[in-house]
Amino acid sequence: MTTPKQVDRVAWLALVAGENREHGGNDGYDDEPAEHYSWDSSVPNHARVKVGDAIVLWEERGLIGASVIESIETAEVDKWVHRCPDCRKAGIKRRRKQPRRYRCYKCKAEFDEPRSEPKRVMAYRSKHDRGWADLAGCLSADQLRPLAYLPQSQNSFRQLRWGNFVDAVHASGLDVSLRVLDAAGEQIAGGHARAVVRARRGQGTFRRALLDQFGSVCAFTGKAPVDALEAAHLYSYAATGRHDSRGGFLLRRDLHRLFDLGHIAVHPTEATLDIAPALFAFPDYASLHGKSLAIPLTAGHRRWLQEHWAEHRTSVPRPLPAM
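Residues numbered from 1 in each chain as written. Predicted model: local features only at pLDDT ≥ 70, side-chain atom pairs only at ≥ 80, totals over all residues. Heavy atoms only, no water.

Caption draft 1: Molecular detail of the packing of aromatic side chains. Following the criterion strictly, the structure yields 11 aromatic pairs and no others. Arranged with centres 6.0 Å apart and planes meeting at 70°, the rings of Phe220 and Phe259 form a pair that is edge-to-face. You can see Phe220 sitting in the loop between β12 (217–218) and β13 (222–223) and its partner Phe259 sitting in helix α7 (residues 253–261), a full 39 residues away along the chain. Across this residue pair, the class does not change: Phe220 and Phe259 are buried. Residues Phe282 and Tyr285 carry aromatic rings whose centres are separated by 6.4 Å and whose planes lie at 65° to one another, so their mutual orientation is edge-to-face. Given the relative accessible area of 45%, Phe282 is considered partly exposed. Exposure remark for Tyr285: the relative accessible area of 17% places this residue in the buried category. These aromatic residues form a ring-pair network of at least three members: Trp12, Tyr37, Trp39, Tyr124 and Phe157. Sitting over the face of the ring of Trp304, Arg303 holds its NZ or CZ atom 4.5 Å from the ring centroid. (Phe/Tyr/Trp six-rings, centres within 6.5 Å; stacked < 30°, edge-to-face > 60°. Helix = DSSP H or I, 4+ residues; strand = E, 2+ residues; numbered from the N terminus. Buried < 20%, exposed > 50% of the residue type's maximum accessible area, 1.4 Å probe, protein only. Lys NZ or Arg CZ within 6 Å of the ring centre and 35° of its normal.)

Caption draft 2: Structural context of the sheet that holds strand β10 (residues 133–134). The strand order β10-β4-β3-β1-β11 describes an open sheet built from 5 strands, whose pairing is mixed. Edge positions in the open sheet fall to β10 and β11 (157–160), since each of these has one partner strand only. In the sheet, strand β3 (residues 54–59) pairs with strand β4 (residues 62–68) via 6 bridges, with the strands oriented antiparallel. Within β4, the residue paired with Val56 across the bridge is Ala66. (Pairing = 2+ DSSP bridges.)

Caption draft 3: Spotlight on the confidence of the model for the protein. With 80% of its residues at a pLDDT of 70 or more, the protein shows a mean pLDDT of 79. The spread of mean pLDDT over the elements of the protein runs between helix α6 (residues 237–240), the lowest at 34, and β12, the highest at 95. Across residues 19–29, confidence stays below pLDDT 50; counting only partners more than four residues off in sequence or on other chains, it has 33 contacts. Below pLDDT 50 for its whole length, residues 191–202 participates in 26 contacts with residues either more than four positions away or in separate chains. (pLDDT = per-residue confidence, 0-100. Contact = heavy atoms within 4.5 Å.)

Caption draft 4: Here's a closer look at the sheet that holds strand β7 (residues 102–104). Strand order in the open sheet formed by 3 strands is β6-β7-β8, with antiparallel pairing between adjacent strands. This sheet does not close on itself; its edge strands, each paired only once, are β6 (92–94) and β8 (110–111). Sheet analysis places β6 next to β7, joined by 3 bridges and oriented antiparallel. Across the sheet, Ile92 pairs through a bridge with Cys104, a residue of β7.

Written out as C-alpha cells, the structure is:
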C-alpha cells in the first residue's frame, strides 16, 4: 500500500543500454545500474531530473532496480554523433552479421562507415548507490511501460507514476523491499538516521547476470525468493576487483556468509556440499551435508571451487554426520 509521500515522489524511468551500448547514432553511455546513470543534453527531460528524485532503471528484458539520486555531476563534453551519409539522420544501427556494417532506419540506406562529427553537449551523471534496491526479475518491460505518464514515449528518460510503480512491485509476488530506497531518500532530504548498506561496484549487474543464467535458485537449496538471494563470488572479489559471472552463483544470504567463511564448501569434483563440524549442532545446516548442488557446475565453477576447497578443507571430504 502506497503512502502519500510515496505517491508524491518525483520518479524517472531510465533505459539502460545493456551489452550493446550504441544508442542510435551515438556511442552510448557507461551506465553501471547499481551506482550511476549517464545522459546528456540531447536527451528529452535532461534538465528536469533533480537530486532527491527516484530513478528506476530498466532494459528491454525488464526492471533492473530503483534508487534515489544523491548527486548529479555535470560537464561540457564533445559527443561523437554518427549519421547516415545519405540522409544525414542519426537513426542508424550497427549490424553484426550483415555484409554492410550499418543500416539507416530512416532512409533504409546500407553503408560501411557513418558520417561522424563532434557535438558539444552538457553531460550528466547521477550518483545513486546509497539507496539501490535490486529488483531484477520483478516486473517485465510490458508491465513497466504503462506506469509512465507517457507509456508510448520512446524517450530514454520518462516520468514515472511512482505510487503505481510501488504498488506494482508489491503486487509482483516477489519478496522485495524498497525500504533501503526510502531510507536514502530521508537522508538526502535532510533526515538522519539509519545507515544504508552500499553496493559493491558492479554488484547489481553481476547479480542480474546470475539471475539470467540460473533463475531464482539458491545453488545450495534450490528455488528461493529473489530478495533472499545474493550474488556469491567463488573467488576473492577483493583480490581481483572484478565481477565474473562464470565464477559465481546465487546463494541465500545466510549460506553466502557461511560459504565465504569456509563453514560450507563444495566438493569440486562431486559437486556435493561439505558442512563444517561447527554447524552440525544446527539441523537445518547439518542436513545439507553430502547433498548435491541445485545447479549444474561449469568447468569455470569447478576451478574456482577447487581453490575455495584447497583454502578451507583437506583433500579428503568428511563423512556424513550421524543423525
